[in-house]
Structure formats: C-alpha cells, structure tokens
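# Summary of the model geometry
One letter stands for each residue in the lines below.
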Amino acid sequence: MGHDLIDGGDWVLVILVIVGAFPELAATWQFLLVAGHFRRHHYDACAPVFPRTAILIPAWNEAAVIGASIDRLMALEYPREALRIYLVDDASTDQTPEVAAAKAAQYPGHVIHLRRSKGGQGKAHTLNHGLAIILEDDWMEALLITDADVIFTPDSLRKMTRHLADPQVGAVTAYIKEGSRPGNYLTRFIGYEYITAQAAARRGQNVLGATACLAGGAQLHTRANMDALGGRIDTSSLAEDTFTTFQTQLLGRRVIFEPHATVWAEEPGSIVSLWKQRLRWARGNVQVTRRYRKLWFRPSRGHRLGSVSFGIFWFCLFLQPVVMITCSAALLTLYFGNFPRAWLAFHLLWVINAVTYIFITGFALLIDPKIGRHTWRQAVLFPGIINLSIIIYSCFPRLFRGPLREFFISAHLYQAHGHRGWVIVFIYAWPAASMAVAYLAKVAEPGRLGRFLSPLLVYVVGYGSLLCACTFASYVKELRKAEMTWDKTEKTGKVVIPT
C-alpha cells in the first residue's frame, strides 16, 4: 500500500509538470479560434456611420508628441464637423500647455485645451476631468479615448465607428502597433508581442464573444455606454481600461476588436521603462481578478466573460509564473525520487512546448507579415536561447549526449554521477530560475555594463520570462498593498508609420 501511495504521488508530480504546458496550449487554442474569424465576425452588422466624436487625450509633459498626434487626428478621413479633441493637461511642467494652445488656435472649435491645476493623481482621474466637461451637453455621440503619443492612420476611426451601427455594441478597440523606428531589440520584441496579444488573441476573443481589454490608447465608446458606466472611469485600479471593458460586457453590450483599424504607438525602449509599464498592467490584472472573483467559470446568457474558455485564457496568463515555479519544483522532486518518470514528464512537457512554439510563431508572422519581417528574429528568439536549446534537446536528445559528454570530460567535470546529472538539474530548474535571471537584466541595465549585458540576458532567458518576472513582482506588490502610483512611460516622438 505504501508503494502505491508513493507511485500515486509520483503521478501527481507528473501531472503538475504537464500543467506547465497549459499556458502554451491555451494560447494555441486562442490562435485556432482566429480561423473562425472569417465566419464569426461583426461586419454583417456594420454600416458607414459618423457619430459626433469627442476625442479625449490625457496628457502630462507630452510636448514632444502631442502636436503631431493632434495633426494626425485632424487629418482623419472623417467629417471635420463631427470631430472635437479635448486635451486634458494634467498640470504639465514642460511646453505641453503652449503646444496645446497653439493647436487650439490652429483648429478653432475642434481642439479644446483643458488644464488641471493639480495633477499626478493618475490617468483615470485625468480622464474623468475631461469626461465631466464633455458630458455637460448632448453634442458627443461617441467618445474616443487615446494617448498623447498614439498616431491614427487616416481610415482608422471610420473603420471603428462602422461597428456602432449595431446598437448592441458598446465599445470598439483598434490594433495598436509598435511604431518606434529604427527602434531597438526591445521595441521589436514588443512589436512581435503585439501581433500575438492583439492581432491574434483579440480576433480569437471576437470569435469567443468575450474581450479581455480595450486598448488604452484606442478605445471608442458610445454615449449610451458611457452613461451606463456612470459617466466616469474607474479610479480604484491601475487597469482602468480592463475594468471598463468588463463592465461594458457585464451590462449587456458587446466589445469589438477591429483589426483593420491600425494605430501606432511608441513603446518602451528600455527594460526599466518596460518594467514600470508592465508592473502597472500586471497589478491592474491582479485587482481585476480579485474584483470579479464571482465571475470566473460561471457562464451567463448576458455575456461570455464567465465562459470556461475565457477563464482558461485569463488564468493561464495570469498564473503563468506560478505554473513555471510549480513545474520546476515537481520536476526536481521527481528527479531525486523517480528519474524515469521525471524524464517522461520533462519530455512530454517540452515536446508540447516545441509544437506550440512552432505553430504560434509561424501563425503570428503570417497574421501581420509587415511587422513579422521587422521582428522575425525576436519572434524566433522569443522563448530565449536556453529554452530553444531545451526544446531541441527534448526532441532530439541523442544529438546532445555525445558532445556534452566530450565537453565535460575535457573540462574535467565528469564526476562519478555523470555530467547528465548537473545538466538535467539545471534544465529542470530553469523554468523558475529564468524569471530570476530576467530580473537581473532589469537590475543590470542602468549599470556600466548594462548596455551590453541586459540585451544579452533577455535573449538568453527570453522576453516571455521577463514578462513573467514582472507578473510575479505584481503579486508581491499587491500582497504588500503597495501604493498605487502611475509611473508614466516617457515618450519622445519616435513613431514613424512605415510605408
């Protein structure tokens, strides 16, 4: 009986290892849903409509980018008389007020400069300042919330508003692309990430009928939806756009992703800046998960947020750091207790990872070929050099055995236990350890060697491990009940729309 218990415990550990493949399997399922987008879409209900649209832009020290953004908005293929831009200046200390005043004079009646005397309370408070003024009269029929650095392509807004012909639609979001040119290795990682997280995942969510988040820089709302939301943006979270997305759907209105409405944004070019941005997003997701804890995996006729598929998508991403740590712990426990089963579990895990990696990478590059050509190296190296090596090792172990043995013998490291022991312990521990190494890339960046060391570490551990490390940090911040501060990402006007 004792042997049976031990045997059963080993199989539990094997299952915990295989669970490590769930995030990749969930991502694959979301990508497979994209194939249904040609049938389950919203275009049959679309019509050319041009509601009077108020464009709301929160701005703090945006002098470098706000002028070009306003010019692009005023050049939209949209009736000029149906556009008003409300720039809410959050007590900027640079030349933002002067730029805003100049644009208000250049476009009289179309650009309205609103200045807050006291700023620093965060984006949601800044938006609410503008909303209170916009909603004072009945001119606004649709509200477009965007960021000061976002550049809209000429046809983007009309491609979004066509969905508002359907009264069941409450909000529409666009496809935000990373537009820094020439950019660097990190912006290209982000560019590829946005193909997977927006062009693919949000198409899949359209098919599913549940959208996780309206892009903060391109969210279009009907007036009816804003009124139903109370005329205000949630200020209790760092993920105000996600709260707005959930509430819109819970109130019975649809949220649509329009992949052909393209906007361009400047994303962080340093790990420190990216960490601030993603820590804010990740903490917001923790808050969303807690706030809507009664929603998960409880299907409802009024919305699809409680569906099993949507819950799996959400938690596979939200809990990925926990999954990685659990996977490593289970593998190491098996290694010291039942090596054959450890190897079986490891092999299954990484073969699944190999298949999903090839499928997702190939599919993503086909979805957006232009961005794919710009970011293909980062796409291939997204998992990191070590993870790619493990994938190859798990699929073709015989290719490694001879060379590794010769290397350890020549280095006088071949002990009685054999070199495989040390290598395998490292490989089994790597899913969890990769997050710690990714954090080192962030710590090392400001130092003297950071310019060379940090990119090297990111390529070694993988961009995904960097994001997981940030998510894990958000758990810690929320457990410690750290102050919610809005760490603004500095923008410098590097967006260039490719021709």
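Described below are features of the structure shown in this document. (Residues numbered from 1 in each chain as written. Predicted model: local features only at pLDDT ≥ 70, side-chain atom pairs only at ≥ 80, totals over all residues. Heavy atoms only, no water.)

Attention now moves to the overall build of the chain. When you go through the chain residue by residue, the secondary structure sums to 19 helices and 8 strands. Whereas a compact globule of 499 residues would reach a radius of gyration of roughly 23 Å, the chain reaches 25 Å, a difference of no more than 12%. Dimensions of the chain, computed from C-alpha atoms along their principal axes, come out at roughly 80 × 55 × 45 Å. Relative to its 499 residues, the chain shows a buried fraction of 54%. Here the chain displays about 22,400 Å² of accessible surface, and carbon together with sulfur accounts for 61% of that area. With 51 positive and 37 negative side-chain charges, the chain shows a spacing of 5 Å between the two charge centroids. (Helix = DSSP H or I, 4+ residues; strand = E, 2+ residues; numbered from the N terminus. Rg over C-alpha atoms; globule rule 2.2 N^0.38 Å. Buried < 20%, exposed > 50% of the residue type's maximum accessible area, 1.4 Å probe, protein only. Areas by Shrake-Rupley, 256 points an atom, 1.4 Å probe, with all protein chains shown as cover. Lys, Arg positive; Asp, Glu negative; His and termini not counted. Charge placed at Lys NZ, Arg CZ, Asp CG, Glu CD.)

As a further point, take the packing of aromatic side chains. In this structure the tally under the stated criterion is 34 aromatic pairs. Ring centres of Tyr192 and Phe382 lie 5.4 Å apart, and the angle between their planes is 65°; on these two criteria the pair is classed as edge-to-face. Highlighted residues: Tyr192 in helix H7 (residues 185-208) and Phe382 in the loop between helix H14 (369-380) and helix H15 (385-395), separated in sequence by 190 residues. What makes Tyr192 buried here is its relative accessible area of 3%. A network of ring pairs unites the aromatic residues Phe243, Phe246, Tyr292, Trp296, Phe297, Phe310, Trp314, Phe315, Phe318, Phe472 and Tyr475 as a single cluster. Here the guanidinium or amino end of Arg84 rests over the ring plane of Trp139, the centre of that ring lying 4.1 Å away. (Phe/Tyr/Trp six-rings, centres within 6.5 Å; stacked < 30°, edge-to-face > 60°. Lys NZ or Arg CZ within 6 Å of the ring centre and 35° of its normal.)

With that out of the way, let us pick up the sheet that holds strand E5 (residues 151-152). The mixed open sheet is built from 8 strands, whose spatial order is E3-E2-E1-E4-E7-E6-E8-E5. Of all the strands in the sheet, the pair left with one neighbour each is strand E3 (111-115) and E5. Here 9 bridges tie strand E6 (residues 169-178) to strand E8 (residues 254-265), and the two strands are oriented parallel to one another. What sits directly across from Tyr175, in E8, is Thr262. Seen against the sheet, helix H9 (residues 240-250) touches E6, strand E7 (218-222) and E8 and runs at an angle of roughly 150° to E8. (Pairing = 2+ DSSP bridges. Contact = heavy atoms within 4.5 Å. Axes fitted to C-alpha atoms, helices over the stretch in contact; angles between N-to-C directions.)

Relative to the helices and strands, Asp368 resides in the loop between helix H13 (339-367) and H14. Taking relative accessible area as the criterion, Asp368 reaches 6% and is therefore assigned buried. Excluding its chain neighbours within four sequence positions, the residues that come into contact with Asp368 are Tyr175, Lys177 and Ile195.

Enumeration over the complete set of coordinates arrives at 0 disulfides. Distance from the sulfur of Cys468, which forms no disulfide, to the nearest cysteine sulfur (Cys470) is 9.9 Å. (Disulfide = S-S within 2.5 Å.)

Now for the pattern of salt bridges. With the rule as written, the count across this model stands at 16 salt bridges. Between Asp147 and Lys123 there is a salt bridge, with the nearest N and O atoms lying 3.0 Å from each other. Taken together, the residues span a long stretch of sequence, with Asp147 in the loop between strand E4 (142-146) and E5 and Lys123 in helix H5 (residues 123-134) at a distance of 24 residues. Asp147 sits in the partly exposed class, given a relative accessible area of 23%. Residue class for Lys123 comes out buried when judged on its relative accessible area of 10%. The partner of Arg223 in a salt bridge is Asp227, and the shortest N-O contact between them spans 4.0 Å. Here Arg223 and its partner Asp227 are both found in helix H8 (residues 223-228), 4 residues apart, which amounts to about one turn of the helix. The network of salt bridges with shared partners includes Arg283, Arg290 and Glu478. (Salt bridge = Lys/Arg side-chain N within 4 Å of Asp/Glu carboxyl O.)

Here helix H12 (residues 320-337) crosses H13 at 150°, and the two axes come no closer than 6 Å. Of H13, the residues touching H12 (which contributes Cys327, Leu331, Leu334, Tyr335 and Gly337) are Phe339, Arg341, Ala342, Ala345, Phe346 and Leu349. For the contact of H12 with H13, a count of residues per class yields 9 nonpolar, 1 polar and 1 charged. (Nonpolar A, V, L, I, M, F, W, Y, C, P; charged D, E, K, R; others polar.)

A cis geometry characterises the amide bond from Arg181 onward to Pro182, with omega recorded as 10°. Within the secondary structure layout, Pro182 lies in the loop between E6 and H7. With a phi angle near 60°, Phe297 is a residue other than glycine that sits in the positive phi range. Relative to the helices and strands, Phe297 is located in the loop between helix H10 (271-291) and helix H11 (308-318). Since its relative accessible area comes to 40%, Phe297 is described here as partly exposed.

Keep in mind these numbers describe shape, not what the thing actually does.
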